[in-house]
Amino acid sequence: MNFLGFLYFYLLNPDIMMNEFLSGEQAKTQSIDALFSIFSTSAEKGLGNEDVEERRENYGFNELAEKHVSPFLKFLKNFWGPIPWMIEAAIILSLIDQDWNDVAIIGSLLLINAFIEFFQSHKADNAIAELKKSLASKAKVKRDGTWAEVEARELVPGDIIRMRLGDVVPADVKLFEGDYLMIDESALTGESLPVEKHRDDVGFSGSVVKQGEMNALVYGTAANTFFGRTAKLVEGAKTKSHFQKAVIHIGDYLIILNFLLVMVVVITGLIRQESIWQVLQFALVLTVAAIPAALPAVLSVTMAVGAVKLSKKKAIISKLVAIEEMAGMDVLCSDKTGTITENILTIAGLHPIGDYNEDDIIITSALAAKAENKDPIDDAVINRLFKHDRLKTGFEQSKQLRFIPFDPVSKKTEAEIEQNNIRFRVGKGAPQVMLELCHNREIVAEEVHRIIHEAGSHGYRTLGVARTHGDEKWHFVGLISLSDPPREDSAETIRLAQEMGVEVKMITGDHQIIAREIAKRVNIRDNILPASEFVNLPDRRARRLVEEADGISEVYPEHKYEIVELLQMNGHIVGMTGDGVNDAPALKKADAGIAVAGATDAAKSAADIVLTLPGLSVIINAIQESRKIFQRMQSYAIYRISETIDVLFFTVLAILIFNQYPVTAIMIVLLAVFNDFPIMAISYDRVKYSMKPERWNMNKVIGIASVLGFTNVVFTFFIYLIGRDIMHFSGNELQTLVFAELSIAGNLTIFLSRTRGPLWSIRPGSGLVWATLISKGIISLIVAFGLLMAPIGWWVLFVWGYAMVQMMITDRVKLLAYRVFDYVGVKFKK
């Protein structure tokens with residue numbers, strides 16, 4: 001474009017000169033040459049590194065700026081909400097009553113709670129931020145004439161990028177080279193069908209490439225994209241996870257229990273004509289101590305810490321609640337290729353058809369490839385070709401004019417070739433697909449099927465190769481047998497999964513014969529069901545067939561969604577692996593969607609878990625770690641419920657029976673602080689994973705917690721009576737004795753709740769032990785020397801001994817309770 005052309009362009013479009021970005025409409029109406037000139041770039045070279053740095057300073061990174069809340073405001077938010085309001089109300093009542101000690105202690109509780117909540121939230125946010133970095137999208141970009149892969153956030157206007165099947169479009173782009181793209185813009189426009197794009201069309205950031213491959217010029221990044229200018233924070237209706245339901249269930253149970261018992265305290269105080277301020281203050285503090293305000297935070301941090309551990313084992317969690325779903329997963333639908341097998345293909349045999357020979361098969365299939373795409377099949381063919389000079393010469397005399405890359409729907413690759421001024425087409429793909437293209441299919445079909453069957457009996461995949469001649473009719477050239485052996489650890493890993501209660505169903509697009517042969521080698525039974533046998537059947541029959549099948553063969557991507565849905569109808573928690581753009585719906589539908597190593601950006605975006613190492617063993621590691629995390633969450637839930645029952649029921653019953661407050665409001669505040677603080681270490685506790693899938697059984701959780709809690713209530717009453725009738729403690733000393741028992745014995749309950757067997761069956765983590773000892777050591781000094789309460793001196797050692805005996809007896813009660821609940825659970829299922 002000459003100078004006058006540019007002047008005319010800018011006069012008509014002054015906003016480009018002012019804002020340095022184009023709208024989609026402006027980009028579409030301008031020629032690609034004009035845009036190359038505007039952005040000072042070229043298709044051959046792209047931008048230079050200096051240009052990139054300069055533009056990044058002007059435009060920033062290609063990412064939407066997140067709304068960051070200052071740490072100070074985050075901290076202040078911890079003083080706002082139902083629980084802080086109750087603590088603040090208790091402080092106000094203490095001020096009215098001019099009880100300065102209570103003001104100081106309850107105020108300290110408010111600050112400590114705020115600091116703990118802030119610390120836990122900050123810890124979880126940091127863990128999630130680190131995981132997000134691991135999931136950053138990549139883009140293939142040409143700079144200084146060389147193609148390289150960079151993070152999508154590093155793109156700047158003027159970059160030349162290449163997009164292909166499965167890529168998420170990383171910025172607003174103008175297409176200029178390639179055949180076509182089919183792009184899914186549903187996330188932006190609501191249009192459900194993919195849109196076909198050609199040269200001079202534009203693509204928008206956030207849309208997904210469904211088919212094709214093209215080069216494009218980036219003209220808009222970050223907030224200057226169609227998506228960036230129209231994005232809104234919309235909170236959609238979401239279904240609650242099992243984790244969220246469990247937290248709500250526990251919270252509801254304790255809040256109702258607390259409300260009923262606190263009302264008893266208030267009514268009793270009013271009947272006895274006690275100070276209304278003191279009664280209300282005690283009721284508020286008791287409520288604060290009883291309601292598990294920290295429960296969601298502790299459980300979320302436990303999952304966040306676990307997610308970081310999983311990332312070190314090459315499994316990146318994109319949604320924290322997926323950890324729980326992995327723990328409960330009982331069916332894993334695993335891709336054969338690349339997960340069960342090596343996905344390192346080698347040519348096991350060449351089978352020419354008719355007048356063609358083995359050289360024709362290799363040259364034809366290599367012409368239907370694009371070496372820079374690094375496709376495993378293409379790599380195998382091209383490696384074979386370059387081993388022989390005679391083949392290489394024939395290949396290099398040809399020019400690829402047009403290339404249509406493989407997609408999972410058509411199951412083939414095509415190219416248009418020019419050789420010695422003659423044009424023809426070549427293709428390779430699934431044998432049945434290539435056979436359907438050929439005019440001579442009826443003549444060669446029997447031989448083709450015989451070769452497929454024979455190769456399949458050895459576990460080999462087969463690839464059909466065809467080409468056209470001057471008559472434009474397709475001719476079947478031959479078949480390539482490809483060897484993709486199982487991974488060395490696949491058989492042992494699948495056996496371990498089965499021992500852990502996870503049924504592994506093999507999912508493959510390969511023929512039934514191949515699937516059966518591979519299944520035999522990896523400890524999967526050979527009841528392999530072709531997808532065509534359950535598609536379009538009534539749900540009941542289809543559910544039964546998929547349930548009984550050990551694997552599904554000849555699967556298209558759309559079948560995966562149906563497989564997941566049918567298994568979920570049967571009550572299973574289903575994991576599904578996938579790597580392609582068309583796997584995204586099934587990955588979203590699955591309870592645990594797993595994007596395997598090398599998955600497309602579209603698959604990663606849809607998945608709950610992204611693997612960065614190939615093979616099944618990573619998934620098994622993720623299941624084991626998820627079950628450990630679940631054990632930690634369940635341990636804390638049981639502990640917190642039992643402690644609430646102990647404090648609430650003993651306090652209220654003592655007020656009714658003995659006509660006095662067995663502990664002071666200050667003591668309840670200290671209990672809330674010193675019993676929850678060491679439990680933060682539960683996230684790092686040493687646990688053993690279960691050999692069965694884990695699910696929240698709230699009846700059992702609340703049942704076991706109630707047994708522990710009420711057993712502790714009995715022991716608390718005993719020590720109260722010992723202090724009153726045997727030790728002859730005064731009222732204030734008796735309160736200190738009871739406080740010491742509630743704190744020391746109560747905190748030791750965590751060592752009971754963390755195991756199903758005897759408390760010594762699993763050694764606790766050192767962090768949990770030290771946190772408990774330090775906090776209880778401080779409590780021991782407080783009660784011994786009488787800080788904020790009457791001193792009991794060396795009697796604190798008696799409390800420690802009493803707490804140890806209590807722990808051993810309660811442990812026996814716990815074992816009996818588990819036997820009863822397990823027996824009732826089995827009888828109920830029958």
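Reading the values: rules and limits
- Residues numbered from 1 in each chain as written.
- Predicted model: local features only at pLDDT ≥ 70, side-chain atom pairs only at ≥ 80, totals over all residues.
- Heavy atoms only, no water.
- Helix = DSSP H or I, 4+ residues; strand = E, 2+ residues; numbered from the N terminus.
- Buried < 20%, exposed > 50% of the residue type's maximum accessible area, 1.4 Å probe, protein only.
- Contact = heavy atoms within 4.5 Å.
- Areas by Shrake-Rupley, 256 points an atom, 1.4 Å probe, with all protein chains shown as cover.
- Axes fitted to C-alpha atoms, helices over the stretch in contact; angles between N-to-C directions.
- Parallel < 35°, antiparallel > 145°, perpendicular 65-115°, else oblique.
- Nonpolar A, V, L, I, M, F, W, Y, C, P; charged D, E, K, R; others polar.
- Phe/Tyr/Trp six-rings, centres within 6.5 Å; stacked < 30°, edge-to-face > 60°.
- Lys NZ or Arg CZ within 6 Å of the ring centre and 35° of its normal.
- Polar contact = N/O pair within 3.5 Å; in protein donor to acceptor, adjacent residues only side chain to side chain.
- Pairing = 2+ DSSP bridges.
- Patch = residues over 30% accessible without salt bridge, like charges linked within 9 Å, V, L, I, M, F, W, Y side chains within 5 Å.
- Salt bridge = Lys/Arg side-chain N within 4 Å of Asp/Glu carboxyl O.
- Core = buried A, V, L, I, M, F, W, Y, C linked by side-chain atoms within 4.5 Å.
- pLDDT = per-residue confidence, 0-100.

Focus: the overall build of the protein chain
When you go through the protein chain residue by residue, the secondary structure sums to 33 helices and 21 strands. In the protein chain, buried positions account for 55% of the 830 residues. For the protein chain, the proportion of contacts with a sequence separation of at least 24, taken over those separated by at least 6, is 71%. Accessible area for the protein chain stands at about 37600 Å²; split by element, carbon and sulfur atoms hold 57% of it.

Section: the packing of helix α30 (residues 731–748) against helix α32 (residues 766–785)
Packing of α30 against α32 leaves a shortest axis separation of 10 Å and a crossing angle of 175°. Considering the angle they form, α30 stands roughly antiparallel to α32. Two secondary-structure elements touch here, α30 through Thr736, Phe739, Ala740, Ser743, Ile744, Asn747 and Leu748 and α32 through Thr772, Ser775, Lys776, Ile779, Ser780 and Val783. The residue makeup of the contact of α30 with α32, split by class, is six nonpolar, six polar and one charged.

A few points about the packing of aromatic side chains
Tallied over the full model, the rule gives twelve aromatic pairs. Taking 4.8 Å as the distance between ring centres and 65° as the angle between the ring planes, the aromatic pair formed by phenylalanine 649 and phenylalanine 710 counts as edge-to-face. Linking phenylalanine 649 in helix α27 (residues 617–658) with phenylalanine 710 in helix α29 (residues 698–726), this pair joins segments that are 61 residues apart in sequence. On the numbers, 6.0 Å between centres and 85° between planes, the contact of tryptophan 795 with phenylalanine 798 is edge-to-face. Placement of both tryptophan 795 and phenylalanine 798 in helix α33 (residues 795–829) is noted, with a separation of three residues, approximately one turn of the helix. Among the aromatic residues, those joined into a cluster by ring pairs are Phe715, Phe729, Trp795, Phe798 and Tyr802. Geometry around tryptophan 147 places arginine 162 over its ring, the cationic atom sitting 4.5 Å from the centre. Above the plane of the ring of phenylalanine 424 lies arginine 467, whose end atom (NZ or CZ) is 4.1 Å from the centre.

Overview of the side chain of histidine 572
By the element assignment, histidine 572 lies in the loop between α24 (557–569) and β19 (574–578). Assessed through its relative accessible area of 16%, histidine 572 is described here as buried. At a separation of 3.0 Å, a polar atom in the side chain of histidine 572 contacts the side chain of aspartate 330. Ignoring sequence-local partners within four residues, the contact set of histidine 572 consists of Asp330, Val331, Glu547, Leu567, Asp591 and Arg695.

Thoughts on the sheet that holds strand β14 (residues 461–468)
Neighbouring strands of a sheet are bound in pairs by backbone hydrogen bonds; such pairs are parallel or else antiparallel. Across the sheet, six strands lie side by side as β10-β15-β14-β13-β12-β11; this open sheet has antiparallel pairing. Either end of the sheet is taken by a strand with one partner, and the two such strands are β10 (346–352) and β11 (398–404). Taken over all neighbouring pairs, the strand axes of this sheet differ in orientation by 25° on average, direction set aside. Pairing between β14 and strand β15 (residues 474–483): eight bridges, direction antiparallel. Residue pairing across strands places glycine 464 opposite leucine 479, the latter belonging to β15. Along the sheet, helix α20 (residues 441–456) makes contact with β10, β14 and β15, crossing β15 at roughly 5°.

Looking at the sheet that holds strand β17 (residues 528–530)
Ordered by their spatial adjacency, eight strands build an open sheet running β8-β21-β20-β19-β9-β16-β18-β17, and the pairing between neighbours is mixed. Each edge of the open sheet carries a strand with a single partner, namely β8 (315–317) and β17. Between one strand axis and the next, the sheet turns by 20° as a mean value, whatever way the strands run. Taken together, the two bridges between strand β20 (residues 592–595) and strand β21 (residues 609–611) define a ladder with parallel strand orientation.

Quick word on unusual backbone geometry
As a rule of thumb, non-glycine residues mostly have phi less than zero, and peptide bonds are mostly trans rather than cis. In this structure, asparagine 523 takes a positive phi of about 70° despite not being glycine. You can see asparagine 523 is positioned in the loop between α22 (512–521) and β17. Classification of asparagine 523 as partly exposed rests on a relative accessible area of 39%. For asparagine 659, which is not glycine, the phi dihedral falls at a positive 60°. Tracing the chain through its elements places asparagine 659 in the loop between α27 and α28 (665–676).

A look at a nonpolar patch on the surface
A contiguous nonpolar patch, built from Ile92, Ile96, Leu270, Ile276, Trp277 and Leu280 and spanning about 520 Å² of accessible area, is present on the exposed surface. Elements that contribute at least two residues to the nonpolar patch include exactly α7 (82–96) and α12 (276–290). Ranked by residue count, the leading element in the nonpolar patch is α12, at three residues. Looking at where tryptophan 277 falls in the secondary structure, it is placed in helix α12.

Remarks on the environment of methionine 698
Within the secondary structure layout, methionine 698 lies in helix α29. Methionine 698 sits in the buried class, given a relative accessible area of 11%. Along the backbone, methionine 698 and histidine 249 are 449 residues apart, and their C-alpha atoms lie at a distance of 7.7 Å. In this view, methionine 698 contacts Ala246, His249, Ile250 and Gly703; residues no more than four positions away in its chain are not counted.

Observations concerning the nonpolar core
In terms of nonpolar packing, the biggest core is built from 121 residues, with Leu286, Met326 and Phe739 touching the most fellow members. Among the elements that make up this core, the one with the highest residue count is α27 (22 residues). With sequence-adjacent residues up to four places away left out, leucine 286 is seen in contact with Asn258, Val262, Val265, Val647, Leu648, Thr651, Val652 and Ile668. Counting 29 residues, the second-largest nonpolar core is a separate cluster that includes Ala531, Ala542, Val555 and Ile563.

A few points about the pattern of salt bridges
Applying the stated criterion to the full structure yields 26 salt bridges. Taking the shortest distance from any N to any O, the salt bridge between arginine 199 and aspartate 200 comes out at 4.0 Å. Between aspartate 510 and arginine 461 there is a salt bridge, with the nearest N and O atoms lying 3.4 Å from each other. Of this pair, aspartate 510 sits in the loop between β16 (503–507) and α22 while arginine 461 is found in strand β14, placing the two residues 49 residues apart along the sequence. Residue arginine 461 is classed as buried on the basis of its relative accessible area, which comes to 17%.

Let's talk about the confidence of the model for the protein chain
Low pLDDT means the predicted atomic positions in that stretch should not be read closely. In the predicted model, the protein chain carries a mean pLDDT of 80, and the fraction of residues at 70 or more is 85%. Throughout residues 1–20 the model reports pLDDT below 50, and contacts reaching past four residues in sequence, or to other chains, amount to 19 contacts.

Here's the deal with the pairing of strand β2 (residues 146–151)
Examined bridge by bridge, strand β1 (residues 138–143) and β2 share six bridges and lie antiparallel to one another. Each residue of the ladder has a partner; that of arginine 143, found in β2, is threonine 146. Turn length for the β1-β2 hairpin, with the two strands adjacent in sequence and antiparallel, is two residues, and the turn residue aspartate 144 shows positive phi of about 55°.

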